[in-house]
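# Structure assessment
Okay, here's what each chain looks like letter by letter:
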Amino acid sequence: MKLGILGLPNVGKSTLFNSLTKAGAESANYPFCTIDPNVGIVAVPDERLKLLGDLYSSKKITPAVIEFVDIAGLVKGASKGEGLGNQFLANVRECDALVHVVRCFEDPNVVHVDGSIDPVRDIETIDLELIFSDLEVLERRMSRLGRSARNDKDASSELAMLERLKAHLEEGKKAASFERKNESEEAWFAEYNLLTAKPVIFAANVSEDDAADDGAGNEHVQAVRAHAEETQSEVFVVCAQIEEEISELDDDEKQMFLEDLGLKESGLDKLIRASYSLLGLMSFLTAGEKETRAWTIKKGTKAPQAAGKIHTDFERGFIRAEVVNYRDLLELGSLGAAREKGIVRLEGKEYVVQDGDVILFRFNV
């Protein structure tokens, strides 16, 4: 999973990125300090892996990972060359979802590019720049299709769809709400990789005082939540400053620090939960002496396609899957004991993999 982090300058974007990834992106109280896109890989915390790894005495434990891409803050007019953000938008086009960091804290010492705190206005500013950037993509595509559309039926059909889509964006609407008429249009639309077609998670960045109650008393957070509900987006409340402090601690200290602040989980945990929910993801597990590992798949994935996440040969030569829930496996102490109890199931090609399944795939190539 790959998440692109964006927002206006000075909203806490790079501070949050630093704390999530410990990648050390530069962070300062002035716009455009992030000049190159920063990339960080983060392991998805999963207590099931350690428990299974201990059970199997695994030599290696491999969690699922998330890749974060952080770009320079976008400003009004970015699509026309203002600031530095627009030239880096290509770096987030390949992301599965966008994490839009929105400033919901008051601090006279940290300047706001528009002079006041108004998260919905800030969201609309970024959305507009993303729309302009998407329009550029469409215009280039339309220009390439122009000549061939006269003699090519497919090119003509795609050009007609592009004109509808361009009109949709020019009305200030995001590509996500554009109606595709058939499978061909769906396929063309997917090719464009439009920024406004991507799912969005809003990170409402609050002060330390507002973190403990999850921003319940913060009117800016309420405005972001209302906007997220309207746009079918996810939202989580985070204090980037706290996250930065947490990132310096080991696991035990981290838990104590969170408890002292009245927080149940870290911002990273919240973000992972929000992104898995938004993208409809889950994890199945493989376990053994060599390695215990988590594999991220879409909910609704069938056994052969889940096997294909490990290796294409597994999908191609799929015979069956031996499946047991991780809780049952831990409770009984071994796969052999679980087999004796009759709770290891043999599943075929139509089995829909469930979160927390521990699977041994049988295949023949």
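Here's what I pulled together on the structure shown here. Keep in mind that this is a model prediction, so the values were computed, not measured.

Below, the discussion takes up the overall build of the protein chain. Across its full length, the protein chain holds 14 helices and 12 strands. The principal-axis extent of the C-alpha atoms belonging to the protein chain is close to 65 × 65 × 35 Å. For the protein chain, the residues scored as buried account for 47% of the 365 residues in total. Here the contacts in the protein chain between residues at least 6 apart in sequence split such that 67% fall between residues at least 24 apart. Here the protein chain has roughly 18,200 Å² of accessible surface; of this, 46% comes from carbon and sulfur atoms. With 44 positive and 65 negative side-chain charges, the protein chain shows a spacing of 9 Å between the two charge centroids.

Let's shift gears to the nonpolar core. One broad trend across soluble globular proteins is that nonpolar side chains are buried collectively. Counting residues in each nonpolar core, the largest one holds 48 residues, and the members touching the most others are Phe68, Val92, Leu130 and Leu271. Broken down by element, this core gets its largest block of residues, six residues, from helix α10 (residues 267-279). What Phe68 contacts, discounting residues up to four positions off in sequence, is Leu3, Ile5, Phe17, Leu20, Thr21, Asn38, Val39, Gly40, Val42, Leu268 and Leu271. In this structure, Val137, Ala149, Met161 and Leu194 belong to the second largest nonpolar core, which totals 19 residues.

A cluster of nonpolar side chains, namely Val39, Ile41 and Val65, defines an oily patch on the protein surface of about 260 Å² accessible area. Here Val39 is to be found in strand β2 (residues 38-43). Under the relative-accessibility criterion, Val39 is labelled partly exposed at 48%.

Moving on: the packing of helix α4 (residues 153-170) against helix α5 (residues 183-192). The interhelical angle for the contact between α4 and α5, taken along N-to-C directions, is 65°, at an axis separation of 11 Å. Crossing handedness for the pair α4 and α5: right-handed. Here Asp154, Ser157, Glu158, Met161, Leu162, Arg164 and Leu165 of α4 lie close against α5, whose contacting residues are Glu185, Trp188, Phe189 and Tyr192.

The subject of this paragraph is the side chain of Ser19. With respect to the helices and strands, the residue Ser19 is situated in helix α1 (residues 13-21). Residue Ser19 is classed as buried on the basis of its relative accessible area of 8%.

Scanning the model with the defined rule gives five aromatic pairs in all. Both rings, one in Phe178 and one in Phe189, keep their centres 6.3 Å apart while their planes meet at 15°; by these two values the pair is stacked. One end of the pair, Phe178, is in the loop between α4 and α5; the other, Phe189, is in helix α5, with 11 residues separating them in the sequence. The pair formed by Phe178 and Phe189 is uniform in burial state, with each residue classed as buried. Arranged with centres 6.0 Å apart and planes meeting at 90°, the rings of Phe284 and Phe361 form a pair that is edge-to-face. Here Phe284, found in strand β8 (residues 281-286), pairs with Phe361, found in strand β12 (residues 357-363); they are 77 residues apart in sequence, far enough to count as distant. Site record: aromatic cluster; members linked through ring pairs are Phe284, Trp295, Phe318 and Phe361. Above the ring of Tyr326, the side-chain terminus of Arg48 is found at 5.5 Å from the ring centroid. For Arg293, the ring lying beneath its charged end belongs to Trp295, and the centroid distance is 4.0 Å.

We now examine the pairing of strand β6 (residues 200-205). For β6, a buried count of six out of six residues is recorded, marking the element as mostly surrounded by other parts of the structure. Direction of pairing for strand β5 (residues 97-103) relative to β6: parallel, over a ladder of six bridges. Residue pairing for β6: Val101 is matched across the bridge by Ala203.

The subject of this paragraph is unusual backbone geometry. The backbone of Asn10 sits at a positive phi, close to 65°, despite the residue not being glycine. Phi is positive for Gln232, close to 55°, though the residue is something other than glycine. You can see Gln232 is positioned in the loop between α7 (219-230) and β7 (234-238). Look at Gln232 and you get exposed, because its relative accessible area is 72%.

Next up on the list: the sheet that holds β2. The sheet built from six strands is open, its strands ordered β2-β4-β1-β5-β6-β7 with mixed pairing. The two strands at the open ends of the sheet, each matched to only one other strand, are β2 and β7. Taking each pair of neighbouring strands and ignoring which way they run, the sheet shows an average axis angle of 25°. Docked against the sheet, α7 engages β5, β6 and β7, running at close to 160° with respect to β7.

Below, the discussion takes up the environment of Asn182. Mapped onto the fold, Asn182 is located in the loop between α4 and α5. The exposure class assigned to Asn182 is partly exposed, which follows from its relative accessible area of 43%. Here the side chain of Asn182 touches Glu185 through a polar contact of 2.8 Å, landing on its backbone nitrogen.

What follows is about the environment of Lys270. Residue position: Lys270 is located in helix α10. When the C-alpha positions of Lys270 and Val237 are compared, they lie 8.2 Å apart, and in sequence the two are 33 residues distant. If we skip the residues at most four places from it in the chain, Lys270 touches Asp214, Phe236, Val237 and Glu265. Of the polar contacts made by the side chain of Lys270, one reaches the side chain of Asp214; its length is 2.9 Å.

The rules behind the values
As a convention, each chain's residues are numbered from 1 in the sequence order in which they are written. For a predicted model such as this one, the threshold for reporting local features is a pLDDT of at least 70, and the threshold for listing and counting side-chain atom pairs is 80 or more; totals across whole chains, interfaces and linings nevertheless cover every residue. As a convention, hydrogens and water are excluded, and side-chain values are obtained from all of the structure's heavy atoms. In DSSP terms, a helix is any run of H or I states spanning at least four residues, a strand is any run of E spanning at least two, and both are numbered starting from the N terminus. Throughout this description, buried means an accessible area under 20% of the type-specific maximum (1.4 Å probe, protein chains only), exposed means over 50%, and partly exposed covers the range between. For this analysis, residues touch if any pair of their heavy atoms sits within 4.5 Å. Accessible surface area values rest on a Shrake-Rupley calculation with a 1.4 Å probe, where residue burial reflects the displayed protein chains alone. Neither His nor the chain termini are counted; the positive set is Lys and Arg, and the negative set is Asp and Glu. Here the site of a charge means NZ on Lys, CZ on Arg, CG on Asp, or CD on Glu. Only buried residues count toward a nonpolar core, which is a set of Ala, Val, Leu, Ile, Met, Phe, Trp, Tyr and Cys residues joined through side-chain atoms within 4.5 Å. Patch membership requires over 30% relative accessible area and the absence of a salt bridge. Like charges are linked within 9 Å, and nonpolar side chains (Val, Leu, Ile, Met, Phe, Trp, Tyr) within 5 Å. Throughout this description, the term salt bridge denotes a Lys or Arg side-chain nitrogen within 4 Å of a carboxyl oxygen of Asp or Glu. A fitted line through C-alpha atoms represents every axis, and for helices the fit uses only the stretch in contact; the resulting angles, taken between N-to-C directions, go from 0 to 180 degrees. Working rule for handedness: look at the near helix, and if it is turned counterclockwise from the far one by less than a right angle, call the crossing left-handed; if clockwise, right-handed. Stacked, edge-to-face and tilted are the three classes for Phe, Tyr and Trp ring pairs, Trp counted by its six-membered ring, which pair at centre distances within 6.5 Å; planes under 30 degrees apart are stacked, over 60 edge-to-face, the rest tilted. Sitting over a ring, as applied to charges here, requires NZ of Lys or CZ of Arg to be within 6 Å of the ring centre and within 35 degrees of the ring normal. Pairing between strands requires that DSSP locate at least two bridges from one strand to the other. In protein, a polar contact means a hydrogen-donor-capable atom and an acceptor-capable atom, both N or O and within 3.5 Å, with residues adjacent in sequence counting only if both atoms are side-chain atoms; elsewhere, any N or O pair within 3.5 Å suffices.

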